[in-house]
Amino acid sequence: MSETLSILVSNLVKNYKDVRAVQGIDFSVYQGEIFGFLGPNGAGKTTTIKMLCTLLRPTSGEALVGGWSILKDPMKVRKAIGIIFQEPTLDDRLTAYENLKFHGYLYGLKGEFLQKQIDRMLELVELSDKRNSLVKTFSGGMKRRLEIARGLLHTPKILFLDEPTLGLDPQTRLHIWNYLTTLKKERGISLFLTTHYLDEAENCGRIAIIDHGKIVALDTPGKLKSQVQGEMVTLKTKNNVEALAFLKKELGVTPITDGDEIRVEMQEAEKWLPKLLREIPVEVESLNLHRPTLEDVFIKLTGREIREEEGSWKDSARTMMRSKRMK
């Protein structure tokens with residue numbers, strides 16, 4: 001990976017009245033890197049991406065995107081980037097070809113070059129046979145692929161993706177990621193994405209974990225997971241209050257409660273499990289032992305879990321509201 005910087009962020013802040021949505025964050029993204037923001041809804045991911053795309057002016061701080069200042073050179077930043085929004089932004093009443101052609105006109109693309117770019121992009125996302133079909137007939141996955149094609153049409157150096165696979169089924173999510181990793185390998189494009197899907201975050205070269213507008217950790221997935229020493233033990237009991245007291249006093253560990261579960265970070269967990277099951281004074285309903293995951297890292301750093309269902313619920317609610325407005 002080249003050490004050339006695609007994005008450089010310095011003390012970026014965004015306030016909404018009395019709420020500080022983004023709290024003085026600093027980070028950089030290298031050319032050709034897949035960089036991810038991992039965090040729950042409301043953590044500041046979308047606010048950050050909107051500031052970097054010049055759609056939202058920061059309260060303070062600065063960022064260089066593609067070498068251009070988001071404050072002093074917003075138009076040059078916009079020419080250097082492609083954006084795939086969390087919300088669908090295609091025109092359902094146009095065909096796939098017409099959506100791309102209109103986008104090309106907005107970026108000043110014309111003639112034979114534009115036609116060739118449209119052909120290339122439709123082929124890349126495997127929609128060539130649907131070029132003259134109305135977008136309203138497309139599935140959610142097909143629309144997402146077309147949005148990727150549109151975001152790449154003007155050959156940007158950096159592609160921003162805000163929850164790119166939100167609400168899609170696992171198979172479609174996998175296909176989308178195949179396209180994205182191909183882009184990184186073949187074109188050297190920088191990908192900046194926000195997500196709360198843990199499996200997607202594993203595809204990133206580096207991840208910034210963000211919570212309540214602050215970056216609480218930034219590193220490769222492997223190094224982040226190494227922050228959790230040993231193994232993770234997750235158990236459910238008939239009486240979590242007694243179980244917590246036992247774990248703290250007898251085993252000398254500091255458990256974390258998450259709903260009706262207790263999570264414990266343990267060195268040499270296999271050695272301690274027989275003692276735990278033999279001596280714990282309450283009935284254990286279930287027990288699971290696993291190597292650390294990114295979710296374990298997030299819980300260790302923030303004390304709470306990333307709820308993937310939050311995104312699905314909000315996505316469904318947005319879809320319902322859009323449907324009502326169209327009636």
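So, how was this worked out
Residues numbered from 1 in each chain as written. Predicted model: local features only at pLDDT ≥ 70, side-chain atom pairs only at ≥ 80, totals over all residues. Heavy atoms only, no water. Helix = DSSP H or I, 4+ residues; strand = E, 2+ residues; numbered from the N terminus. Buried < 20%, exposed > 50% of the residue type's maximum accessible area, 1.4 Å probe, protein only. Contact = heavy atoms within 4.5 Å. Areas by Shrake-Rupley, 256 points an atom, 1.4 Å probe, with all protein chains shown as cover. Arc of directions from axis to C-beta. Phe/Tyr/Trp six-rings, centres within 6.5 Å; stacked < 30°, edge-to-face > 60°. Axes fitted to C-alpha atoms, helices over the stretch in contact; angles between N-to-C directions. Parallel < 35°, antiparallel > 145°, perpendicular 65-115°, else oblique. Left-handed = near helix turned anticlockwise from the far one by under 90°. Nonpolar A, V, L, I, M, F, W, Y, C, P; charged D, E, K, R; others polar. pLDDT = per-residue confidence, 0-100. Expected span 1.5 Å × (residues − 1). Polar contact = N/O pair within 3.5 Å; in protein donor to acceptor, adjacent residues only side chain to side chain.

### Remarks on the overall build of the chain
- Across its full length, the chain holds 12 helices and 14 strands.
- Reported as C-alpha extents along the three principal axes, the dimensions of the chain are approximately 75 × 40 × 40 Å.
- Taking all 327 residues of the chain together, 46% fall into the buried category.
- When contacts within the chain are restricted to residue pairs at least 6 apart in sequence, those whose partners lie at least 24 apart make up 71%.
- Here the chain has roughly 16400 Å² of accessible surface; of this, 50% comes from carbon and sulfur atoms.

### Describing helix H3 (residues 96-106)
- For H3, the set of buried residues is Ala-96, Tyr-97, Asn-99, Leu-100, His-103 and Gly-104. Looking down the long axis of H3, one finds its buried residues gathered within 165° of arc, a one-sided arrangement. Exposed residues on H3 whose side chains face more than 90 degrees from its buried face are Phe-102 and Leu-106.
- Contacts made by the buried residues of H3 are with helix H4 (111-124) and helix H5 (140-152).
- The first or second residue beyond H3 is Gly-108, which carries a positive phi of 80°.

### Details of the packing of aromatic side chains
- Inspection of every chain in the model, using the stated rule, returns 7 aromatic pairs.
- On the basis of an interplanar angle of 10° and a centroid distance of 5.3 Å, the ring pair of Phe-27 and Phe-35 is categorised as stacked. One exposure class covers both Phe-27 and Phe-35, and it is buried.
- Their ring planes at 50° and their centres at 5.4 Å tell us that Phe-160 and Phe-192 sit as a pair that is tilted.

### Quick notes on the packing of H5 against helix H6 (residues 170-187)
- Packing of H5 against H6 leaves a shortest axis separation of 10 Å and a crossing angle of 15°. Our classification of the angle between H5 and H6 gives roughly parallel. The handedness of the crossing between H5 and H6 comes out as right-handed. Residues Gly-141, Arg-144, Arg-145, Ile-148 and Leu-152 of H5 touch H6, and the partners they reach there are Thr-172, Ile-176, Tyr-179, Leu-180 and Leu-183.
- A per-class count over the contact of H5 with H6 returns 6 nonpolar, 2 polar and 2 charged.

### Some details on the confidence of the model for the chain
- Summary statistics for the chain give a mean pLDDT of 86 and a share of 92% for residues scoring 70 or more.
- At the low end of the mean pLDDT range in the chain sits helix H12 (residues 308-326), at 39; at the high end sits strand S4 (residues 60-65), at 97.
- Segment residues 308-327: pLDDT under 50, and 18 contacts once partners within four positions in sequence are set aside and those in other chains are kept.

### Points about H6
- Its 18 residues place the ends of H6 26 Å apart at the C-alpha level, agreeing with the 26 Å of an ideal helix rising 1.5 Å per residue.
- Thr-172, Arg-173, Ile-176, Trp-177, Tyr-179, Leu-180 and Leu-183 are the residues of H6 that are buried. For H6, the buried positions fall inside an angular range of 155° around the axis, keeping them on one side. When the buried face of H6 is taken as reference, the exposed residues oriented beyond 90 degrees from it are Pro-170, Gln-171, Leu-174, Lys-185 and Glu-186.
- The distance from a side-chain oxygen at the start of H6 to the backbone nitrogen of Gln-171 is 3.1 Å, and the residue carrying that oxygen is Asp-169.

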